[in-house]
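# A closer look at the structure
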Amino acid sequence: MTDDITSGINPLLSRRNFLRAGVLGAAGAGVAVYAGHQAPTAVAAPGFTPTKTVNVHLAATDGWVSMPDSAPAMPPYWPDNDAPAPYNMYVFGFRNVTGLSDAQVITQKGRAQISAPVLAFDEGSEVKVSLTNLGMAQRPDLVDGHTMHWHGFNNALPIFDGVPEMSASVPIGKTMVYYYRPTDPGTYMYHCHFEDVEHVQMGMTGLVYVRPKLNNGTNKYVFNDPATRYDREFPVFLTESQPEGHYRDAHIQITDWAAYNSGFGLMNGRAWPDTIVKNTQTSDTNLGPNFDPLATYPAGSDGERLQFQPQTSLIEANAGETVLLRMANLGSLRHTLTMDGVPMKVIGADADQLKGADGNDNSYVSNSIDIGPGESRDVLFTAPEPGTYKLYDRDFSNLSNQGGGGYGGMMTNIVVSAPNTLPAQPVQPFTPGVR
Ligand SMILES: [Cu+2]
């Protein structure tokens with residue numbers, strides 16, 4: 001180590017050797033950046049025996065979505081006159097391409113969705129998320145990378161944390177495999193961290209669940225505590241869209257993202273009344289993450305119009321059932337969700353059970369759930385007597401579409417049926433191979 005400036009101190013601990021060891025350590029943990037989406041062979045890790053390995057393949061690209069056309073126009077920003085009918089707003093986003101061939105993956109360029117596919121993993125499994133950057137169909141001049149940042153995952157290796165300034169981002173035409181070993185159950189979110197104010201606002205955000213070991217296929221729990229059992233779960237992912245910024249990205253203009261002005265409050269990527277349109281590919285309102293990205297829809301149908309916003313926010317349950325709402329906020333604004341007349345019990349916050357190490361129960365009951373940007377809440381309620389109830393943002397500015405008349409934005413319905421009307425909702429792990 002005669003070429004090392006620190007060799008006179010301790011060659012074994014020289015800065016260069018330390019960096020070299022760090023790189024080898026990261027490589028040993030399985031970093032791989034390469035063309036094609038085949039995950040590399042797992043690297044043995046002492047002391048960790050995964051219960052199973054789950055491979056997920058996401059594509060990152062741009063695309064077009066549909067906000068309710070009853071909203072007042074705001075020319076030229078919305079509706080965007082470059083948008084192909086029936087769409088009206090430009091987005092960036094992720095797409096679930098698990099199980100598709102390389103040729104099929106490429107067909108998803110320009111077909112981004114919002115919110116990102118809901119991911120759900122079991123505690124103790126080994127998770128590999130292959131992220132392919134397909135580039136931008138509307139903006140071939142943009143050479144932006146993309147990453148996956150699992151927000152709140154508390155022991156990711158820095159290389160897999162998705163912060164490009166600190167690790168790596170995925171360039172156009174390449175795939176990177178992110179490794180995770182989820183051990184802490186709860187509700188998390190993930191997003192692209194490349195120029196993150198822009199890419200998050202443009203739509204590269206979604207939910208990721210970690211299910212506890214206590215789940216046994218029959219009974220479902222939020223955490224490893226029998227007191228957290230539930231019958232049905234639903235994603236409630238909160239964001240807002242600023243149509244002016246989306247227009248400027250589509251039309252090669254610069255946006256001052258600090259001048260934020262939300263036009264549509266969104267639940268799972270949709271604004272009321274689209275929030276209550278059922279998922280097209282299944283009658284089960286919770287199967288959105290497994291939908292087929294290659295499916296085609298009749299022209300003029302809701303399925304066609306909302307195919308890039310595939311996740312409904314409609315909540316359906318039988319009276320007396322325990323319902324879990326997995327809430328997270330990756331918008332830029334604080335939100336407070338209310339369900340009039342129905343007490344909600346907050347049992348988890350930011351992927352932590354509200355229970356002290358001393359066993360004290362720190363959960364609380366409220367009609368209004370306050371949730372800031374980057375935060376999540378696990379909320380249980382008992383489905384009341386049959387009828388239709390509302391879950392909505394208390395702030396009226398998020399309850400209209402572009403400030404127009406009537407209701408819009410962050411609102412959905414809870415439809416409660418008589419006991420034993422709906423079939424049981426099975427445990428639904430992320431099902432990668434849809435084809
Ligand atoms: Cu991105």
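Our subject in this report is the structure included herewith. Along each chain, residues carry numbers from 1 onward, in the same order as the chain's sequence is written. With the structure being a predicted model, the display of local features is reserved for residues of pLDDT at least 70 and the display and counting of side-chain atom pairs for 80 or more, all residues being used for whole-chain, interface and lining totals.

### So, the pairing of strand β17 (residues 344-349)
Partly exposed residues are those falling between the two cut-offs: more than 12 but fewer than 20 other C-beta atoms within 10 Å of their own, whereas 20 or more means buried and 12 or fewer means exposed, with C-beta atoms placed from the backbone. Helix and strand assignments come from DSSP, with helices taken as H or I runs of at least 4 residues and strands as E runs of at least 2, each series counted from the N terminus. The buried count for β17 comes to five of six residues, which makes it a mostly enclosed element. The criterion for strand pairing is that DSSP finds at least two bridges linking the strands in question. Direction of pairing for β17 relative to strand β21 (residues 375-382): antiparallel, over a ladder of four bridges. From the neighbouring strand, lysine 345 faces β21, where its bridge partner is leucine 380. Pairing between β17 and strand β18 (residues 352-353): two bridges, direction antiparallel. Along β18, the bridge assignment pairs glycine 348 with glutamine 353. Hairpin remark: β17 followed by β18, antiparallel, with two residues in the connecting loop; positive phi at aspartate 350, about 55 degrees.

### Some details on the nonpolar core
We define the nonpolar core as any set of buried residues of the types Ala, Val, Leu, Ile, Met, Phe, Trp, Tyr and Cys, connected via C-beta atoms lying within 7 Å of each other. Core analysis: the largest hydrophobic core is formed by 94 residues, its most contacted members being Val91 and Tyr178. Top contributing element to this core by residue count: strand β2 (residues 53-65), with seven residues. Here contacts are defined at the residue level, using C-beta atoms placed from the backbone and a cut-off of 7 Å between them. Not counting chain neighbours up to four residues away, the residues in contact with valine 91 comprise Asp62, Gly63, Trp64, Val65, Ala112, Ile114, Met202, Gly203 and His246.

### Considerations on the sheet that holds strand β14 (residues 315-318)
Within the open sheet, the five strands sit side by side as β14-β23-β22-β16-β20. Their pairing is mixed. At either end of the open sheet lies a strand with only one pairing partner, and these are β14 and β20 (368-371). For this sheet, the mean inter-axis angle between neighbouring strands, taken without regard to orientation, is 20 degrees. Inspection of the sheet shows β14 paired to strand β23 (residues 411-417) by four bridges, in the parallel sense. By the bridge assignment, asparagine 318 is partnered in β23 with serine 417. In this analysis, axes come from line fits to C-alpha atoms, helices being fitted only over the stretch in contact, and the angle between any two N-to-C directions falls in the range 0 to 180 degrees.

The analysis is restricted to geometry; functional conclusions fall outside its scope.
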